[in-house]
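# An overview of the molecular structure
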Amino acid sequence: MADAPALETMPLRTSQDVVRARQRVRDAAVAMGFSLVEQTKLVTAASELARNTLDYGRGGDMTLDRLESQGGPGIRLVFTDEGPGIPDVELALRDGYTTGRGLGMGLGGARRLVGEMTIDSTPGSGTRITVTKWKRG
Amino acid sequence: MDRIPILHLRDLLLVSIQVDMDDQLAIQLEDDLGQAIVDHEAHGVLIDISAVELVDSFIGRMLGSIAAMARVLDAQTVVVGMQPAVAITLVDLGLSLPNVQTALDVDAGVRMLGGVWSRDRATRG
């Protein structure tokens with residue numbers, strides 16, 4: 001595997017961009033030796049968050065960062081948009097809550113799949129969601 | 001525009017999803033299946049997802065709405081071949097597809113739709 005850049009940014013403007021973004025996350029997780037289950041969880045979380053960026057944030061970007069710690073490698077994904085923001089983050093994380101056409105499982109579900117998630121959102125100026133998944137074992 | 005092919009075999013419709021679907025393609029499949037059930041008077045729909053590496057909430061919702069739509073059109077749906085990693089992830093995500101019948105593989109899925117086959121043989125000889 002050739003050296004991949006540590007930091008990559010991808011646009012999230014169309015549903016095809018969502019597919020491309022989750023495929024890049026899959027490639028990175030495979031290259032870093034994540035197990036199949038860990039890959040699938042991270043890629044599924046990325047898909048949920050990328051779709052949220054598109055549907056609720058009116059499009060934005062995903063940045064993929066490869067991390068190295070004493071405990072092993074990890075992947076950090078940052079989803080940013082300049083959309084309307086999330087007025088009540090706690091409510092948005094609740095399963096079944098949705099303001100759109102989805103099932104309301106995306107945000108809370110994504111948090112369960114990755115473990116570490118932080119949400120910075122300012123109503124009227126945008127949302128930034130950061131998730132980090134460390135390779136197990 | 002790309003489409004997922006739908007095969008017609010007696011009164012069954014067979015779909016094997018072999019690509020990483022974007023949301024538009026998933027919506028298209030749902031529309032196409034509804035039309036195909038009516039056009040072919042199908043009583044069973046078998047959807048093979050053994051090549052699918054990701055079922056997120058959107059695709060999960062699509063599978064549920066295909067099953068519900070098919071039921072209203074007098075057809076039964078079975079989703080077969082889910083990979084274990086996908087199943088583990090779906091449950092973590094909070095989705096257990098309560099209204100979707102599943103089977104381990106195509107063979108088991110066709111057997112599940114077996115009543116449909118006997119009915120077909122009985123009526124058409």
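These figures come from a predicted structure and were not determined experimentally.

Here is what the cut-offs are and how they apply
- Residues numbered from 1 in each chain as written.
- Chains lettered and ligands numbered in written order.
- Predicted model: local features only at pLDDT ≥ 70, side-chain atom pairs only at ≥ 80, totals over all residues.
- Contact = placed C-beta atoms within 7 Å.
- Helix = DSSP H or I, 4+ residues; strand = E, 2+ residues; numbered from the N terminus.
- Nonpolar A, V, L, I, M, F, W, Y, C, P; charged D, E, K, R; others polar.
- Axes fitted to C-alpha atoms, helices over the stretch in contact; angles between N-to-C directions.
- Parallel < 35°, antiparallel > 145°, perpendicular 65-115°, else oblique.
- Left-handed = near helix turned anticlockwise from the far one by under 90°.
- Pairing = 2+ DSSP bridges.
- pLDDT = per-residue confidence, 0-100.

### Digging into the interface of chain B and chain A
Residue-level contacts link 18 residues of chain B with 24 residues of chain A. Elements that contribute at least two residues to the side of chain B that touches chain A include exactly α1 (23-40), α2 (57-72) and α3 (84-93) of chain B. No other element matches α3(B), which puts six residues into the side of chain B that touches chain A. In terms of residue class, the side of chain B that touches chain A is built from seven nonpolar, four polar and seven charged.

### Structural notes on the packing of helix α2 (residues 36-55) of chain A against α3(B)
Where α2(A) meets α3(B), the closest approach of the two axes is 9 Å, and the angle between their N-to-C directions is 45°. Relative to α3(B), the element α2(A) is oriented oblique. When the axes of α2(A) and α3(B) are compared, the crossing they make is right-handed. For the pair formed by α2(A) and α3(B), the contact residues are L36(A), V37(A), T40(A), K41(A) and T44(A) on the first element and A85(B), V86(B), I88(B), T89(B), D92(B) and L93(B) on the second. For the contact of α2(A) with α3(B), the class distribution of residues is six nonpolar, three polar and two charged.

### Digging into the pairing of strand β4 (residues 116-122) of chain A
Residue and element names in this part refer to chain A. The pairing of β4 with strand β5 (residues 126-134) spans seven bridges and is antiparallel. Bridge assignment links T118 to a residue of β5, and that residue is T130. A loop of three residues connects β4 with β5, the two strands running antiparallel in sequence, and G124 in this loop sits at a positive phi of about 95°.

### Some thoughts on the confidence of the model for chain B
Across chain B, the average pLDDT comes to 91, with 90% of residues at 70 or higher. Scoring of the predicted complex yields 0.90 for pTM and 0.88 for ipTM.

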